[in-house]
Amino acid sequence: MGSYIWKANWSPEYHQSMIIALCSLVLSTFLGLIMRQILIHENKQMDRLEVGADAGSERERVEEAARLECITFEEAMRRRKSFRYLY
């Protein structure tokens with residue numbers, strides 16, 4: 001990115017461009033860590049939902065999905081449990 005923000009009047013050392021490049025590196029690293037924490041949170045939430053999946057509307061949702069996909073309820077639950085976000 002630094003090569004795209006070089007101005008001719010900043011020459012010959014281009015300190016400003018390197019500062020901009022370092023700031024963008026820090027920002028992208030920080031945003032990546034935030035995304036990772038969001039995915040970890042989503043995985044934990046899916047784990048909590050699996051514990052209560054036999055009750056109420058959650059079971060109905062899985063049964064409906066199984067019916068639409070023409071698979072058994074047990075197969076739908078197994079597929080649902082095997083899905084996780086990678087982080």
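Calculation rules
Residues numbered from 1 in each chain as written. Predicted model: local features only at pLDDT ≥ 70, side-chain atom pairs only at ≥ 80, totals over all residues. Heavy atoms only, no water. Core = buried A, V, L, I, M, F, W, Y, C linked by side-chain atoms within 4.5 Å. Buried < 20%, exposed > 50% of the residue type's maximum accessible area, 1.4 Å probe, protein only. Helix = DSSP H or I, 4+ residues; strand = E, 2+ residues; numbered from the N terminus. Contact = heavy atoms within 4.5 Å. Polar contact = N/O pair within 3.5 Å; in protein donor to acceptor, adjacent residues only side chain to side chain.

Asker: I would appreciate a short explanation of the nonpolar core in the present structure.
Answerer: One recurring pattern in soluble globular proteins is that nonpolar side chains are buried together. Grouped together as the largest cluster of nonpolar side chains are five residues: Val62, Ala66, Phe73, Ala76 and Met77. When residues of this core are traced back to their parent elements, those giving at least two are α2 (56–69) and α3 (73–82). Tallying contributions element by element places α3 first for this core, with three residues. Contact partners of Phe73, with chain neighbours within four places excluded, come to Arg59, Val62, Glu63 and Ala66.

Asker: Sorry, what's going on with the side chain of Asn43 here?
Answerer: Looking at where Asn43 falls in the secondary structure, it is placed in helix α1 (residues 15–51). Look at Asn43 and you get buried, because its relative accessible area is 8%. Polar contacts involving the side chain of Asn43 include one to the main-chain carbonyl oxygen of Tyr85, which spans 2.9 Å. Beyond its immediate chain neighbours, meaning those up to four positions away, Asn43 contacts Arg84, Tyr85 and Tyr87.

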